[in-house]
Amino acid sequence: TGAIAREHIKSITDKLSGGKIVAVTDVNEEAARQVVKQYGLEALVYPDDKSLVNSENVDAVLVTSWGPAHEQNVLNAIEAGKYVFCEKPLATTAEGCRRIAEAEMKHGKRLVQVGFMRRYDSGYVQLKEAIDRNEIGEPLMVRCVHRNPEVDEKYTTQMAVVDTLIHEIDVLHWLISDDYKSVQVIYPKKASRAHANLKDPQLIIMETKSGIVIQAEVFVNCKYGYDIQCEVIGEDGVAYLPEPASIVTRKGAKRSTDILVDWKDRFMDAYDIELQDFIDSIIKTGQPNGPTSWDGYIAAVTADACVKAQESGQKESVDLEEKPVFYTGKITVQ
Ligand code: NAP
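Chemist: Hey, could you run me through the nonpolar core in this one?
Modeler: A general trend in soluble globular proteins is that nonpolar side chains are found buried together. One finds Val74, Tyr124, Leu172, Leu175, Ile214 and Cys230 to be the most contacted residues of the largest nonpolar core, which totals 92 residues. Of the residues forming this core, the biggest block, eleven residues, is contributed by helix H10 (residues 293–312). Aside from chain neighbours lying at most four places away, what touches Leu175 is Tyr124, Leu127, Lys128, Ile131, Cys230 and Val232.

In structure tokens, the structure reads:
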């Protein structure tokens, strides 16, 4: 019942349809009780995730605990045969993601959706549609930017990959329908505001199997705002991720628009759309339709290769196993 959990509880309770919060749990039981009270939920507080997932009243589970707990939370939900939406990361290791995929395949039908919400952002959806319609021809290069105004002292060089770049890692292979082959990390001149142990900014170069080269900048002390950019350069043209809508002012010989500061504001709609899709797909098709356990595995393997590249300074290969047939099928609405 931490920060993102409370956002999801508010959405499901106040905005979305088809779902109701009927059970909550937290390592700190008192925190769970507080949330029930604060949001006026008709929900029971369970002592742990195992008892919660096994409750008859529970059809689907949202895993919003801290990352290292996700794997066991998801495995427990699968074992109980419950649908499960898991915030990123699906697991903190590639082996953990693989174990989840194995358990899901053994169960025999898709139960898991990973919270890679950018795939539900209308800008990324439009960008993908333009690429799929061949409007810019074959993609050759991608340039993207992930900037945060600041981070706290606990933020490490590795977190630039596992917490920040992870969203680009997921959304980009989906966007260009390709798999990663290799990655490399370059450290430009260090920003003076970056704390002593943090290398910031970082430039991550990712090459796909078909040869598309992606250049992704992570800069978490940019000061000026939260800024997400993406530009796909094709054979016949270039497509840009739309900027968030904002009024333009002309004043004092300057033309200006606001830039967001809080990451929550940038993808607020996408969070709602992804959860609504999770609920609707389960109701209509009996399976979730969003990013799969295998996407969680791809993200983990690619992030591991990026962390290795951070340390080695070399190009590192992304060694993905072949996608099981279980994760290739399209789900049709009945
Ligand atoms: P948070 O506010 O710190 O919440 C984490 C929750 O996990 C808290 O309820 C915390 O309980 C609980 N927890 C702590 N230790 C635990 C343990 N050993 N076992 C089980 N649970 C434990 O963090 P958050 O920002 O909500 O993030 C939660 C997850 O969502 C993270 O995996 C994060 O990466 C992900 N997330 C994703 C996005 C996105 O863009 N998709 C955005 C935000 C977060 P206490 O409060 O009692 O310690």
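Once you've had a look at it, read on.
Chemist: Would you explain the pattern of salt bridges in this entry?
Modeler: Within the structure shown, the criterion is met by 21 salt bridges. Glu29 is the salt-bridge partner of Arg33, the closest N and O atoms lying 2.7 Å from each other. Here Arg33 pairs with Glu29, and both are found in helix H2 (residues 29–38), just four residues apart, close to one helical turn. Given the relative accessible area of 40%, Arg33 is considered partly exposed. Glu316 serves as the salt-bridge partner of Lys308, at 3.7 Å between the closest nitrogen and oxygen. Note on Glu316: relative accessible area 13%, which makes it buried. Here the residues in one salt-bridge network are Arg98, Glu102 and Glu321, joined through shared partners.

Chemist: What's the story with the site of the ligand in this structure? I'm lost.
Modeler: Taken together, 21 residues surround the ligand, and among them Ala3, Ile4, Asp26, Trp66 and Tyr271 come closest. A distance of 3.5 Å separates an oxygen atom of the ligand from a polar atom in the backbone of Thr1. Residue Ala3 places a main-chain N or O atom 2.9 Å away from an oxygen atom belonging to the ligand. Within the complex, 68% of the 910 Å² of free accessible area of the ligand lies under protein. Considering only residue class, the shell around the ligand consists of nine nonpolar, nine polar and three charged.

Chemist: Even after reading the chapter, I still don't get helix H6 (residues 122–132), so can you show me in this structure?
Modeler: An α-helical segment advances 3.6 residues per turn. Residues three or four places apart therefore align on the same side. Residues of H6 that are buried: Gly123, Tyr124, Leu127, Lys128, Ala130 and Ile131. End-on view of H6: buried residues confined to an arc of 160°, all on one side of the axis. At its buried positions, H6 is contacted by strand E6 (139–147), helix H7 (159–175), strand E10 (227–234) and strand E11 (238–240). Immediately beyond the C-terminal end of H6, within one or two residues, lies Asn134, with a positive phi of roughly 65°.

Chemist: Hey, could you run me through the sheet that holds strand E5 (residues 112–114) in this one?
Modeler: The strands that make up a sheet are held in pairs by hydrogen bonds between backbone atoms, and each pair lies either parallel or antiparallel. One open sheet accounts for three strands, arranged E3-E4-E5; its pairing is parallel. The two strands at the open ends of the sheet, each matched to only one other strand, are strand E3 (60–63) and E5. On average, each strand axis in the sheet is tilted by 15° relative to the strand beside it, whichever way the strands run. Inspection of the sheet shows strand E4 (residues 83–86) paired to E5 by three bridges, in the parallel sense. Its bridge partner lying in E5, Cys86 is registered against Val114.

Chemist: Hey, could you run me through the environment of Gly290 in this one?
Modeler: Following the sequence through the fold, Gly290 ends up in the loop between helix H9 (268–285) and H10. Since its relative accessible area comes to 9%, Gly290 is described here as buried. Considering only alpha carbons, one finds Gly290 and Ser317, 27 residues apart in sequence, at a separation of 27 Å. Look past the residues within four positions of Gly290 in its chain and what remains in contact with it is Arg110, Gln113, Tyr120 and Asp277.

Chemist: Which parts of the structure should I look at to understand the side chain of Thr1?
Modeler: Along the chain, the position of Thr1 falls in the segment before helix H1 (3–15). Thr1 sits in the buried class, given a relative accessible area of 11%. Only 2.6 Å separates the side chain of Thr1 from the side chain of Asp26, close enough to count as a polar contact.

Chemist: Whenever I open this one, the sheet that holds strand E8 (residues 202–208) confuses me. Can you help?
Modeler: One open sheet holds the seven strands; their spatial order is E11-E10-E6-E9-E8-E7-E14, and the pairing between them is mixed. Lying at the two open borders of the sheet, with one neighbouring strand each, are E11 and strand E14 (316–317). Helix-sheet contacts for H10 involve strand E7 (180–186), E8 and E14, and the interaxial angle to E7 is about 35°.

Chemist: Mind showing me how you'd approach H2 here?
Modeler: Those residues of H2 lying buried are Ala32, Val35 and Val36. All buried residues of H2 lie within an arc of 100° about the axis, which places them on one face of the element. Away from the buried face of H2 by more than 90 degrees, exposed residues Lys37 and Gln38 are located. Check the buried side of H2 and you find it contacts H1, strand E1 (23–24) and strand E2 (44–45). Note on H2: the residue one or two positions beyond its end, Gly40, has a positive phi of about 55°.

Cut-off values and rules
Residues numbered from 1 in each chain as written. Predicted model: local features only at pLDDT ≥ 70, side-chain atom pairs only at ≥ 80, totals over all residues. Heavy atoms only, no water. Core = buried A, V, L, I, M, F, W, Y, C linked by side-chain atoms within 4.5 Å. Buried < 20%, exposed > 50% of the residue type's maximum accessible area, 1.4 Å probe, protein only. Helix = DSSP H or I, 4+ residues; strand = E, 2+ residues; numbered from the N terminus. Contact = heavy atoms within 4.5 Å. Salt bridge = Lys/Arg side-chain N within 4 Å of Asp/Glu carboxyl O. Near = heavy atom within 4 Å. Polar contact = N/O pair within 3.5 Å; in protein donor to acceptor, adjacent residues only side chain to side chain. Areas by Shrake-Rupley, 256 points an atom, 1.4 Å probe, with all protein chains shown as cover. Nonpolar A, V, L, I, M, F, W, Y, C, P; charged D, E, K, R; others polar. Arc of directions from axis to C-beta. Pairing = 2+ DSSP bridges. Axes fitted to C-alpha atoms, helices over the stretch in contact; angles between N-to-C directions.

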